[in-house]
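Reading the structure
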Amino acid sequence: MHTELQSYWDYLRIERQVSSHTLANYQRQLNAILALLATQGIQQWQQITPSVVRFILAQGKKEGLKEKSLALRLSALRMFLNYLVQQGKLKANPATGISAPKQSKRLPKNIDGDQIQLLLANDSKEPIDIRDRAILELMYSSGLRLSELQGLDLSSINMRAREVRVLGKGNKERIVPFGRYASQALQQWLKVRLLFNPKDEALFVSQRGNRISHRAIQKRLETWGIRQGLNSHLNPHKLRHSFATHMLEASADLRTVQELLGHSNLSTTQIYTHLNFQHLADVYDQTHPRARRKK
């Protein structure tokens, strides 16, 4: 069973070119499944039946896994079994047709416009602050994922066109614009970047000159939010969600926001549309020719 898993990791890494973060998630889930199967005396993937798949989900629930984690475990297993079918090692995928527990849709929180202004109102000339401000401005201006920002190189940025070339989920590339404030912050950062003795072409580097890590970005954003007196915890996804929410409030153009965020399905983008009813009612009153209600 370990041999098939190893060939699958090679397939994901070399042929599918999945990110290291995605690969680690799949490995964690499938290794947990492998350990569980061993307790049941299952020594071949061919022994897995739909009942075994349901047992895996039931055990995960007993262990305290939430709906999202159970869905990830099922997805990882289903994709691996699909791979075995493609390799001719299974006749059919026993996980097909089995659904994960329904997830409750919790809307992510956003930062309002006044708090965004407070967050970015820092003119420190310290090189590390200049770097952090460029990170904040670019993330909010372009709605980038943490992994997308962390993976940027110098060549990813077109300062003249104010565009950034991003490698998103599924290794899909997209071009996203950024505004003048982000442009100014990036120009300031590029002037001091060499002070960090960068070891490669990474756009954002640590104080040791290495490409800045996911965790370091998260910690710096958290610290920055506290220092600027933000009234809620700051993280990269909150900035991305704020970008999406503010764009939708200003334009109500869901398709454009979908393209900017790099979502494959419009339904994913709709999660970000937690506009309050009064805003929607106002837009409705102002735009629909036969819906202007009397006050």
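Note that the structure is a prediction, hence the values are computed from the model and not measured.

Another point: the overall build of the protein chain. Helices and strands together make up the secondary structure of the protein chain, namely 13 helices and 3 strands. Of the contacts made within the protein chain by residues no fewer than 6 positions apart, 57% connect residues no fewer than 24 positions apart. Of the roughly 17400 Å² of accessible surface on the protein chain, 49% is carried by carbon and sulfur atoms.

Here we come to unusual backbone geometry. With a phi angle near 55°, Gln17 is a residue other than glycine that sits in the positive phi range. Looking at the element boundaries, Gln17 is found in the loop between helix H1 (2-15) and helix H2 (20-39). Phi at Arg162 is positive, roughly 55°, even though this residue is not glycine. Positionally, Arg162 belongs in the loop between strand S1 (157-158) and strand S2 (163-167). Of the residues examined, Arg162 reaches a relative accessible area of 37% and is grouped as partly exposed.

Residue alternation in S2 divides its side chains into a buried set, Val164 and Val166, and an unburied set, Glu163, Arg165 and Leu167. Here 2 bridges tie S1 to S2, and the two strands are oriented antiparallel to one another. Bridge assignment links Ile157 to a residue of S2, and that residue is Val164. With antiparallel pairing between neighbouring strands as the criterion, S1 and S2 make up a hairpin whose turn holds 4 residues, including Arg162 at a positive phi of roughly 55°.

Turning to helix H4 (residues 67-86), a few remarks are in order. Its 20 residues give H4 an end-to-end C-alpha distance of 28 Å, which sits within 8% of 28 Å, the value for a rise of 1.5 Å per residue. By the burial criterion, the buried members of H4 are Leu70, Ala71, Arg73, Leu74, Ala76, Leu77, Phe80, Leu81, Tyr83 and Leu84. Among the structural elements, H1, H2 and helix H3 (50-62) are those in contact with the buried residues of H4. Gly88 sits one or two positions beyond H4 and adopts a positive phi of about 80°.

Quick look at the layout of surface pockets now. What the second largest pocket holds in volume is close to 240 Å³. Counting residues per element, the ones that place at least two in the lining of the second largest pocket are helix H5 (113-120), helix H6 (127-142) and helix H8 (180-192). Broken down by element, the residue count for the lining of the second largest pocket peaks at 4 residues, all from H6. When the residues that make up the lining of the second largest pocket are grouped by side-chain class, the tally is 6 nonpolar, 3 polar and 3 charged.

On the basis of which strands lie adjacent, the open sheet formed by 3 strands has the order S1-S2-S3 and antiparallel pairing. With one partner strand each, in any of the chains shown, S1 and strand S3 (173-177) form the two edges of the open sheet.

This part is about the pattern of salt bridges. Scanning the entire structure with this criterion turns up 12 salt bridges. Residue Arg211 pairs with Asp153 through a salt bridge whose shortest N-O separation is 2.5 Å. Of this pair, Arg211 sits in the loop between H8 and helix H9 (214-227) while Asp153 sits in the loop between helix H7 (146-150) and S1, placing them 58 residues apart in sequence.

A word on the confidence of the model for the protein chain. Summary statistics for the protein chain give a mean pLDDT of 84 and a share of 83% for residues scoring 70 or more. Ranking the elements of the protein chain by mean pLDDT puts helix H13 (residues 277-287) last, at 57, and H8 first, at 95.

The next point concerns the packing of aromatic side chains. Applying the stated rule across the entire model yields 9 aromatic pairs. When the ring of Phe80 is compared with that of Tyr83, the centres are 6.5 Å apart and the planes differ by 25°; the resulting orientation is stacked. Of this pair, Phe80 and Tyr83 both sit in helix H4, 3 residues apart, which is roughly one turn of that helix. When sorted by exposure, Phe80 lands in the same class as Tyr83, which is buried. Ring geometry for Trp189 versus Phe196: centroids 5.2 Å apart, planes at 70°, classification edge-to-face. Among the residues examined, Trp189 registers a relative accessible area of 0% and is labelled buried.

Burial of S3 is one-sided: the residues Arg174 and Val176 facing one way are buried, the residues Glu173, Ile175 and Pro177 facing the other way are not. In terms of strand pairing, S2 meets S3 through 5 bridges, oriented antiparallel. Among the inter-strand pairings, Glu163 is bridged to a residue of S3, identified as Pro177. Between S2 and S3, which pair antiparallel and follow one another directly, the connecting turn spans 5 residues, one of which, Gly170, has a positive phi of 70°.

Criteria and cut-off values
- Residues numbered from 1 in each chain as written.
- Predicted model: local features only at pLDDT ≥ 70, side-chain atom pairs only at ≥ 80, totals over all residues.
- Heavy atoms only, no water.
- Helix = DSSP H or I, 4+ residues; strand = E, 2+ residues; numbered from the N terminus.
- Contact = heavy atoms within 4.5 Å.
- Areas by Shrake-Rupley, 256 points an atom, 1.4 Å probe, with all protein chains shown as cover.
- Buried < 20%, exposed > 50% of the residue type's maximum accessible area, 1.4 Å probe, protein only.
- Pairing = 2+ DSSP bridges.
- Expected span 1.5 Å × (residues − 1).
- 1 Å grid on protein atoms, 1.4 Å probe; cavity = no way out; pocket = protein on both sides within 12 Å on 5 of 7 lines; lining within 4 Å.
- Points joined across faces, edges and corners; volume = space filled by probe spheres on them.
- Nonpolar A, V, L, I, M, F, W, Y, C, P; charged D, E, K, R; others polar.
- Salt bridge = Lys/Arg side-chain N within 4 Å of Asp/Glu carboxyl O.
- pLDDT = per-residue confidence, 0-100.
- Phe/Tyr/Trp six-rings, centres within 6.5 Å; stacked < 30°, edge-to-face > 60°.

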